[in-house]
Amino acid sequence: AQVFVSILPLPNVNAGSNTGGCEGVASIQLNGTMGGAVNSVIWSGGTGSFNASNTILNPSYIPSSGDFMNSSMTLTLTGLSIAPCPNVTSTVQIDFYKKPVINFIVNYPAGCPEHCVHFTDQSMVPPPDAIQSWSWNFGDGGTSSVQNPDHCYTQSGKYSVTLTATTNHMCSNSLTIPDMVEVYPVPVAAFYATPPVGNVSDPNIEFQN
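In short, a report on the structure. Predicted, not measured: the structure shown is a model, and the values here were computed from it. (Residues numbered from 1 in each chain as written. Predicted model: local features only at pLDDT ≥ 70, side-chain atom pairs only at ≥ 80, totals over all residues. Heavy atoms only, no water.)

### Considerations on the overall build of the protein
- Counting secondary structure elements, the protein contains one helix and 19 strands.
- Compactness check: the protein gives a C-alpha radius of gyration of 34 Å against a globular reference of 17 Å for 209 residues, more than 25% above the reference.
- Taken over the C-alpha atoms alone, the protein extends approximately 150 × 30 × 25 Å along its principal axes.
- Relative to its 209 residues, the protein shows a buried fraction of 31%.
- Considering only contacts in the protein between residues 6 or more positions apart, those separated by 24 or more positions represent 56%.
- A total accessible area of about 12500 Å² is found for the protein, and carbon and sulfur atoms account for 55% of it. (Helix = DSSP H or I, 4+ residues; strand = E, 2+ residues; numbered from the N terminus. Rg over C-alpha atoms; globule rule 2.2 N^0.38 Å. Buried < 20%, exposed > 50% of the residue type's maximum accessible area, 1.4 Å probe, protein only. Contact = heavy atoms within 4.5 Å. Areas by Shrake-Rupley, 256 points an atom, 1.4 Å probe, with all protein chains shown as cover.)

### Focus on the nonpolar core
- If you look at the biggest cluster of nonpolar residues, it comprises 18 residues, and the most contacted ones within it are Phe104, Phe119, Trp136, Tyr153, Val161, Met180 and Val181.
- Where this core is concerned, the elements lending two or more residues are β10 (104–106), β12 (115–121), β13 (131–137), β16 (157–167) and β17 (172–183).
- Aside from chain neighbours lying at most four places away, what touches valine 161 is Phe104, Phe119, Trp136, Asn137, Phe138, Tyr153, Leu175, Thr176, Ile177, Met180 and Val181.
- By size, the runner-up hydrophobic cluster in this structure holds 17 residues, among which are Leu30, Val38, Trp43 and Tyr61. (Core = buried A, V, L, I, M, F, W, Y, C linked by side-chain atoms within 4.5 Å.)

### Focus: the sheet that holds strand β14 (residues 143–144)
- A sheet is described by the order of its strands in space; here five strands give the open sequence β11-β17-β16-β13-β14, paired in mixed fashion. Each end of this open sheet is capped by a strand with a single partner; those strands are β11 (110–111) and β14.
- Bridge count for β16 against β17 is nine bridges, and the pairing is antiparallel. Residue pairing for β17: threonine 164 is matched across the bridge by serine 174. (Pairing = 2+ DSSP bridges.)

Rendered as C-alpha cells:
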C-alpha cells in the first residue's frame, strides 16, 4: 500500500514597515505581503475603515477622528492558511503627527511708504515634534523662508500676509491674516498763486492749496 503525503510550505504574512501620517490625512496605504500556505488575508484594528475591503492584501486605511486623538494605532494582518497549517499574524504601527498651529504678529501694521516691518513667528507644535521650515507670502509679491523676516512695502495699499510652517514630519499648516499691513498713500503737493505776477500798487498774492 502507498500513501501520498503533501508537505505545505510554512505560512507567512508581513504587514509592512511601521508608517505614519499627518493629523487629518485622508488615507494610509498599507503594503502587506503573504506567502507559503496562506491563501487569504484579513486586516483588523483601528476605529476607521478599509478601502476597498479589509480582505485584500493592500487596501488603504481611512483613519477616524478617534485614531487621530490616540496619536498612534496598530493594525493586524492575519493570514488564513490551508489546513492543517495554522493561521499567522503580523502587525504594523501607524503614528499620526500633529500639524503646527500657526500664528504671527507684525511690529508696525501701518505706515507711509517706504514702510518697513518685522514679522515675528509665534507658531507652535507639541514636542518632541518641531517646526523646521517657514514660507512667507507678504501680499505684494515678496516672499521669505526666514522664521522672523523683515520686509519693506514700497506701494500704498492693504496687504494680506500668509505663513506656511512645516514640521520635521512634513506636516504643514497655513494662516492668512487679511489686510494685516496697510501702507498709506503719499500726498501729492500742489498749489497755485493768484495773481501769478504782482505789482507794487497791489502786492498781495493769494496762494491756494
